[in-house]
Number of protein chains: 2
Amino acid sequence: MKELEERIQRDGQILGNGILKVDSFVNHQVDAGLMDHCGREFAQRFAKLGATKVLTAEISGIAPALTTALHLGLPVVYARKTKPITMPDQVYLTLAPSHTKGRMVELIISPEYLTHGEKVLIIDDFLATGATILGLIRLGEAAGAKIIGVGALIEKTFEGGRAAIKALGIPVESLASITSMDGGKIVFNGN
Amino acid sequence: MKELEERIQRDGQILGNGILKVDSFVNHQVDAGLMDHCGREFAQRFAKLGATKVLTAEISGIAPALTTALHLGLPVVYARKTKPITMPDQVYLTLAPSHTKGRMVELIISPEYLTHGEKVLIIDDFLATGATILGLIRLGEAAGAKIIGVGALIEKTFEGGRAAIKALGIPVESLASITSMDGGKIVFNGN
């Protein structure tokens, strides 16, 4: 998606260690209009797959997942990383390594909001190794839901996440696909 | 706002200790359409105050703040509760007691995204004691920004937050104002 690629090229910062900082429009400050356009784009790409729910992980997946859900007319569930007191004792829980936190984090969903037979579209901000998204897929499968697709705003193709998800037979779409950040230069797929 | 009040009456659960569980449409599963309507309502109520940025706190403030920002055509910044590695060393940081966590939490904003002279509209899911929102106000003032208004989806009038904010001369709007949850019954202001 041209608009997102251009924004990453203009405002993204490569911090080293494979970290792309997009805090000025995705992760700390959010460009609401851009998120809306990204949500509309995801909604169009996945429109025919008949999702019944959008699933993401707190925190930075919430914005693109919400706008996607809005354009699809669906509810969105975000997996929690700490269990709030409002959640029942019995939950779906898995562990996933966090790239930006350097440790394992819990992903927790209440069985109240993810149930057998649902068709789930997973939306997140980044697809890198796929660790968080694979965690969400495990939670969905534990609940007896079917994962019908995975969408990420920004993919780093050189970290292998897409292959791991496609190996499960799940379609993957990313709106900006980065093939290299070598030498401080961001290169997009097809450019 | 009638739509939100009706939804709280139908799907909200009183858990005791003054906790109102709205996890099925605000806090874990989010009704994207309802959030959009709430954002539109906030945008209308604050339209004339000339905000330049919407500010909230992760996690559950993000959805209503994003839709409000969308309707106002503004960016939204969400205060982080843990400092990500993408954030500079020098930050705005304050502590606020968390009702649902039972401990103090940090609220952190990068000086990159909140600057002198900005006119800030704070949006959050709940206004109870006002502790989180007062923390956001302190961060805004530390940055030299002017807080032009505070909007909350759900206010519990019996916890005193509104008075603490209004004492600072800041206008407060809530979309569903609960005056009592005694005996397991939710009573709204004016009903």
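**Student:** Explanation requested: the overall build of chain A in the structure shown.
**Tutor:** In terms of helices and strands, chain A carries six helices and eleven strands. By the compact-globule yardstick of 16 Å for 191 residues, chain A fits well, its C-alpha radius of gyration being 16 Å. Its C-alpha atoms give chain A principal-axis dimensions of roughly 50 × 35 × 35 Å. Per-residue burial over chain A gives 57% buried out of 191 residues. When contacts within chain A are restricted to residue pairs at least 6 apart in sequence, long-range pairs at least 24 apart make up 61% of them.

**Student:** Hey, could you run me through a nonpolar patch on the surface in this one?
**Tutor:** Among the surface-exposed residues, A:L93, A:L95 and A:M104 lie close enough to one another that they form a single nonpolar patch of about 280 Å² accessible area. As for its position among the elements, A:L95 is in strand β6 (residues 92-98).

**Student:** Where do I start with the interface of chain A and chain B in this structure?
**Tutor:** One frequently used descriptor of interface size is the decrease in accessible area upon assembly of the parts. Across the contact, 43 residues belong to chain A and 43 residues belong to chain B. The contact between chain A and chain B buries some 3500 Å² in all, and 63% of this surface belongs to carbon and sulfur atoms. Its salt-bridge partner being A:E112, residue B:K21 comes within 2.8 Å of it at the nearest N-O pair. For the pair chain A and chain B, the interface holds 20 residue pairs in polar contact (both at pLDDT 80 or more). Counting only elements with at least two residues in the side of chain A that touches chain B, the list comes to β1 (13-16), β2 (19-21), α2 (23-27), β3 (29-30), α3 (32-46), α4 (62-72), β5 (76-79) and β7 (103-109) of chain A. With six residues, α4(A) is the single largest residue contributor to the side of chain A that touches chain B. For the side of chain A that touches chain B, the per-class residue count stands at 23 nonpolar, twelve polar and eight charged. Across two bridges, β5(A) lies against strand β3 (residues 29-30) of chain B in antiparallel orientation. Following the sheet pairing, A:V76 is matched in β3(B) by B:V30.

**Student:** Looking at this model, I keep getting lost on the packing of α4(A) against helix α3 (residues 32-46) of chain B. Mind explaining?
**Tutor:** Helix-helix packing is characterised by the crossing angle of the two axes and by the distance between the axes. With their axes 8 Å apart at the nearest point, α4(A) and α3(B) run at an angle of 100 degrees to one another. Relative to α3(B), α4(A) is oriented roughly perpendicular. Taking contact as the criterion, the partners of A:L66, A:A69 and A:L70 in α4(A) are, on α3(B), B:A32, B:G33 and B:D36. For the contact of α4(A) with α3(B), the residue count by class is four nonpolar, one polar and one charged.

**Student:** What is the right way to read the sheet that holds β3(A) from this model?
**Tutor:** Two strands in a sheet stick together by hydrogen bonds in their backbones, pointing the same way (parallel) or opposite ways (antiparallel). Taken in spatial order, the seven strands line up as β3(A)-β5(B)-β4(B)-β8(B)-β9(B)-β10(B)-β11(B) in an open sheet, and their pairing is mixed. Strand pairing shows two members of the sheet lacking a second neighbour, β3 of chain A together with β11 (187-188) of chain B, which therefore form its edges. Each of β4 (53-57), β5 (76-79), β8 (119-127) and β9 (146-156) of chain B is contacted by helix α5 (residues 131-142) of chain B, which is oriented at about 165 degrees to β8(B), the strand it contacts most.

**Student:** Please clarify how the relation of the copies chain A and chain B should be interpreted in this entry.
**Tutor:** Comparison of the two chain copies shows a relationship of rotation about an axis with a shift along it. Mapping chain A onto chain B leaves a residual RMSD of 0.0 Å; the transformation is a rotation of 180 degrees accompanied by 0.0 Å of translation along its axis. The transformation relating the two chain copies, once decomposed into turn and shift, fits a two-fold axis. Residue A:I59, judged by its C-alpha, is the member of chain A lying nearest the rotation axis, at 3.2 Å. By residue overlap, the copies meet face to face through one surface: 100% of the interface positions of chain A are interface positions in chain B.

**Student:** Could you clarify how one ought to interpret α3(B) in this entry?
**Tutor:** Each α-helix turn comprises 3.6 residues. Residues three or four places apart therefore point the same way. In a regular helix each residue adds 1.5 Å, so 15 residues correspond to 21 Å; α3(B) covers 21 Å between its end C-alpha atoms and thus fits that length. All of the buried residues along α3(B) are B:A32, B:L34, B:M35, B:D36, B:C38, B:G39, B:F42, B:A43 and B:F46.

**Student:** What's the story with the side chain of B:N27 in this structure? I'm lost.
**Tutor:** Among the structural elements, B:N27 can be located in helix α2 (residues 23-27). Owing to a relative accessible area of 10%, B:N27 belongs among the buried residues under this scheme. Here B:D125 takes part through its side chain, which lies 3.0 Å from a polar atom of the side chain of B:N27. Setting aside anything within four residues of it in sequence, one finds B:N27 in contact with A:Y78, A:R80, B:V22, B:S60, B:D125 and B:F126.

**Student:** How do you make sense of helix α4 (residues 62-72) of chain B when you look at a structure like this?
**Tutor:** Residues and elements named next belong to chain B. Burial analysis of α4 places eight of its eleven residues in the buried class, which makes it a mostly covered element. Inspection of α4 places I62, A63, P64, A65, L66, T67, T68 and A69 among the buried residues, and these make up the whole buried set. Within two residues after α4, G73 carries a phi angle of roughly 70 degrees, on the positive side.

**Student:** Explanation requested: the nonpolar core in the structure shown.
**Tutor:** The nonpolar side chains of a soluble globular protein tend to be buried with one another. Within the largest apolar cluster, 74 residues are counted, with the highest numbers of intra-cluster contacts made by A:L4, A:I8, B:L4 and B:I8. Excluding residues within four positions of it along the chain, A:L4 makes contact with A:F25, A:L34, A:C38, A:L153, A:I154, A:L175 and A:A176.

**Student:** Is there a simple way to think about unusual backbone geometry in this case?
**Tutor:** A cis geometry characterises the amide bond from A:E58 onward to A:I59, with omega recorded as 10 degrees. Inspection of the secondary structure assignment puts A:I59 in the loop between β4 (53-57) and α4.

**Student:** For this particular structure, what's the right way to read the environment of B:H116?
**Tutor:** Residue and element names in this part refer to chain B. Looking at the secondary structure, you find H116 in the loop between β7 (103-109) and β8. A relative accessible area of 69% places H116 in the exposed class. Those residues in contact with H116, other than ones at most four positions away along the chain, are A143 and G144.

Procedures and definitions
- Residues numbered from 1 in each chain as written.
- Chains lettered and ligands numbered in written order.
- Predicted model: local features only at pLDDT ≥ 70, side-chain atom pairs only at ≥ 80, totals over all residues.
- Heavy atoms only, no water.
- Helix = DSSP H or I, 4+ residues; strand = E, 2+ residues; numbered from the N terminus.
- Rg over C-alpha atoms; globule rule 2.2 N^0.38 Å.
- Buried < 20%, exposed > 50% of the residue type's maximum accessible area, 1.4 Å probe, protein only.
- Contact = heavy atoms within 4.5 Å.
- Patch = residues over 30% accessible without salt bridge, like charges linked within 9 Å, V, L, I, M, F, W, Y side chains within 5 Å.
- Areas by Shrake-Rupley, 256 points an atom, 1.4 Å probe, with all protein chains shown as cover.
- Salt bridge = Lys/Arg side-chain N within 4 Å of Asp/Glu carboxyl O.
- Buried area = accessible area lost by both parts, 1.4 Å probe.
- Polar contact = N/O pair within 3.5 Å; in protein donor to acceptor, adjacent residues only side chain to side chain.
- Nonpolar A, V, L, I, M, F, W, Y, C, P; charged D, E, K, R; others polar.
- Pairing = 2+ DSSP bridges.
- Axes fitted to C-alpha atoms, helices over the stretch in contact; angles between N-to-C directions.
- Parallel < 35°, antiparallel > 145°, perpendicular 65-115°, else oblique.
- Least-squares fit on C-alpha atoms with pLDDT ≥ 70 in both.
- Expected span 1.5 Å × (residues − 1).
- Core = buried A, V, L, I, M, F, W, Y, C linked by side-chain atoms within 4.5 Å.

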